[in-house]
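As a plain string of letters, each chain reads:
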Amino acid sequence: FSRGRARTGRPATMSTAIPSTYTQEFALPEALPQVLKDLTREILRANPADIDVFAREFFENRLKHDHNQPQVTDTLVTEIEEVKLQLSEMTPAEIEDMIHGLFKEQDVDGNRTLDRHEFKQVFHKLGARLGLKTNDVRRILAEADCDGNGEISYAEFIPVAVSIIETIVAKEKLKESEQEKERVMHDAEQHIYHGMPPAELDEILTSIFKEADVDGSGALDLDEFERCLCDIRIGMTRKEVNLLMFETYSNDGMIDYEAFKPLCMKLLVELTAQEWLAPDQDEADLEGLITKLCLERDAEHIGKLHIDSIQEVLVSADLGMSLVQICSILSEAQEDEDSMVDYVAFAPRVAFMVHACQNYRERMNEKKEIMQNLHAGEGWGVVFGRDRDTLEAELQAAFEALDKAGSGCLTKLQIKDGIKAVFADTIDRKATTALLALAKTTESGMYQYKTLVEQAFRTLKGIVELSILYED
């Protein structure tokens, strides 16, 4: 519907259409014909002086108050959001072209001026097309100055309008950015670090600190404290460790780790949020890095490394991977009879899994329903039919039975035997590989089983979770 007001002395000419570059197609709502019939009826009833303004107000009221047309309302809201997105992606030159096209459409005599009424119509149309709020349109109109004849030269005004619209868009982007940061911070508080919930991370930190606190004083010196932060069970990068050390201050050079834990947890939330907001690391770059580091360790150039060396590569790469995540990745490795792995063939899989871990929040949102069902299931509190305490007790007993010297260390073959004694034939190769990776290697080539016992339950559950995240 359109009903214009003729100007004296202005011959009617064909209106100039907006370039197709700036048009956008939308699927029409099924109920739209009825809405248009309603609009027609209201126009005939009210006989408004300005149909364009009347129609705009009609649709605005329908959006706000018509609860009997949810399909139309939802569709129109979606379309407005899509138009706003289109505006945020437009360059200043494209916005200027759009405004200029609307002015030329209204300027029927081509003298490059409009009166206030026509000028207002242009920006009401512009507001509808760009999703601008009424106050935004008013803000633009307030900048328009008329000459002595009540006319506005739009050629001079267009740059002003573009500048205002750019400011509006920038504010909207800032608002959206702040809202996204709030959402990310909330998610980070639920899964503080590498997907670990607060209670789990607190438990790991406490265990690491207490292990280092040999005299039981509740305090560590700065070197001991830094070594704790570098522990593979947490998986901090060098930069993250540096940040936490900068935040650490003590007059006597000792750190009360229980007093420090709240600050540590807070900083890890912030670091996690920053990581999630940062641009994704490219999978191809990750694959190249992993392959390069493997090549450097492959002194004989045979294209294979021992599974332990692959683990060392993942740790040294400083990717910010926790021990559970690294063990989960290693469980995917195809070992030969000598525990050797073709690292060139394995690198793409490693890169994909590392990328998935680094994008934990996005992956969790994609798999949210599956994860919720998994955690709500009756069997989530057990692995291989055992709760955590039972599993730890059985593993500890099996390893101690093999550890005749009571050194806390066994050979790799003995570790495998201990795992088999507990699980018999119920455990698969992937889970066995992951558990073996938990055992800490000593300089003598033996394996400490303490960490394996403590982290086995968490790791076996983690494999299930991460396998879901890794799914394409």
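If you're wondering where the values come from, they're calculated on a predicted model, not measured in any experiment. (Residues numbered from 1 in each chain as written. Predicted model: local features only at pLDDT ≥ 70, side-chain atom pairs only at ≥ 80, totals over all residues. Heavy atoms only, no water.)

### Some words on unusual backbone geometry
Next, step 1: You will see that His-301, though not glycine, has its phi angle at about 55°, which is positive.
Next, step 2: Secondary-structure assignment places His-301 in the loop between α12 (283-297) and β5 (304-306).
Next, step 3: Notably, Ala-424 is not glycine yet its phi reads approximately 55°, a positive angle.
Next, step 4: Note that Ala-424 resides in the loop between α19 (412-423) and α20 (429-438). (Helix = DSSP H or I, 4+ residues; strand = E, 2+ residues; numbered from the N terminus.)

### A few points about the packing of aromatic side chains
Next, step 1: In this structure the tally under the stated criterion is 3 aromatic pairs.
Next, step 2: On the basis of an interplanar angle of 10° and a centroid distance of 5.4 Å, the ring pair of Phe-209 and Phe-225 is categorised as stacked. You can see Phe-209 sitting in helix α8 (residues 198-212) and its partner Phe-225 sitting in helix α9 (residues 222-229), a full 16 residues away along the chain. Like Phe-209, the residue Phe-225 is buried in the burial classification. (Phe/Tyr/Trp six-rings, centres within 6.5 Å; stacked < 30°, edge-to-face > 60°. Buried < 20%, exposed > 50% of the residue type's maximum accessible area, 1.4 Å probe, protein only.)

### Points about the packing of helix α18 (residues 388-402) against α19
Next, step 1: Remark: α18 packs on α19, axes separated minimally by 9 Å, with the N-to-C direction vectors making an angle of 135°. When the interaxial angle is binned, α18 and α19 end up oblique. Relative to α19, the crossing made by α18 is right-handed. Contacts between α18 and α19 pair Leu-391, Glu-394, Leu-395, Ala-398, Phe-399 and Leu-402 from the former with Gln-414, Ile-415, Asp-417, Gly-418, Ile-419, Ala-421, Val-422 and Phe-423 from the latter.
Next, step 2: Here the residues of the contact of α18 with α19 are counted per class, giving 10 nonpolar, 2 polar and 2 charged. (Axes fitted to C-alpha atoms, helices over the stretch in contact; angles between N-to-C directions. Parallel < 35°, antiparallel > 145°, perpendicular 65-115°, else oblique. Left-handed = near helix turned anticlockwise from the far one by under 90°. Contact = heavy atoms within 4.5 Å. Nonpolar A, V, L, I, M, F, W, Y, C, P; charged D, E, K, R; others polar.)

### A short note on the sheet that holds strand β7 (residues 409-410)
Next, step 1: What the 3 strands build is an open sheet, ordered β7-β9-β8; its pairing is antiparallel. The open sheet has two free edges, formed respectively by β7 and β8 (440-441), since each of these has just one partner strand.
Next, step 2: In the sheet, β8 pairs with strand β9 (residues 447-448) via 2 bridges, with the strands oriented antiparallel. Across the sheet, Thr-441 pairs through a bridge with Tyr-447, a residue of β9. (Pairing = 2+ DSSP bridges.)

### Points about the confidence of the model for the protein
Next, step 1: For the protein, per-residue confidence averages 76 on the pLDDT scale, and residues scoring 70 or more make up 75% of the total.
Next, step 2: Ranking the elements of the protein by mean pLDDT puts helix α3 (residues 70-89) last, at 48, and β7 first, at 95.
Next, step 3: Segment residues 1-26 is flagged for pLDDT under 50; beyond a separation of four residues in sequence, or across chains, it makes 44 contacts in the model.
Next, step 4: The model gives residues 67-85 a pLDDT under 50, and that stretch makes 23 contacts with residues more than four places away or in other chains. (pLDDT = per-residue confidence, 0-100.)

### Observations regarding the packing of α12 against helix α13 (residues 307-316)
Next, step 1: It is at 10 Å that the axes of α12 and α13 come closest, and there the two elements cross at 125°. One element, α12, and the other, α13, form an angle in the oblique class. The interaxial crossing formed by α12 with α13 has right-handed handedness. Of the residues in α13, those touching α12 at Ile-290, Leu-293, Cys-294 and Arg-297 are Ser-309, Ile-310, Glu-312, Val-313, Leu-314 and Ser-316.
Next, step 2: Considered class by class, the residues forming the contact of α12 with α13 number 6 nonpolar, 2 polar and 2 charged.

### Considerations on the pattern of salt bridges
Next, step 1: Counting across every chain of the model gives 12 salt bridges.
Next, step 2: Between Asp-336 and Lys-304 there is a salt bridge, with the nearest N and O atoms lying 3.4 Å from each other. Residue Asp-336 is located in the loop between α14 (323-330) and β6 (340-342), and its partner Lys-304 is located in strand β5; the two are separated by 32 residues in the primary sequence.
Next, step 3: Salt bridges sharing common partners tie together Glu-203, Arg-388, Glu-392 and Arg-458. (Salt bridge = Lys/Arg side-chain N within 4 Å of Asp/Glu carboxyl O.)

### Some details on α19
Next, step 1: Between the first and last C-alpha of α19 there are 17 Å, a value that for 12 residues agrees with the 16 Å anticipated at 1.5 Å per step.
Next, step 2: Taken as a whole, α19 has its buried residues at Lys-412, Ile-415, Gly-418, Ile-419, Val-422 and Phe-423. Down the axis, α19 shows its buried residues gathered within 120° of arc, on one side only. For α19, the exposed residues lying more than 90 degrees away from the buried face are Leu-413, Lys-420 and Ala-421.
Next, step 3: A positive phi of about 55° marks Ala-424, the residue just after α19. (Expected span 1.5 Å × (residues − 1). Arc of directions from axis to C-beta.)

### Observations regarding the environment of Lys-412
Next, step 1: Position of Lys-412 relative to the elements: it lies in helix α19.
Next, step 2: Taking the relative accessible area as the measure of exposure, Lys-412 reaches 15% and is therefore buried.
Next, step 3: Sequence separation between Lys-412 and Gln-448 is 36 residues, and the spatial gap between their C-alpha atoms is 9.6 Å.
Next, step 4: With near-sequence residues (within four places) excluded, Lys-412 lies in contact with His-306, Ile-307, Asp-308, Ser-339, Leu-436 and Tyr-447.

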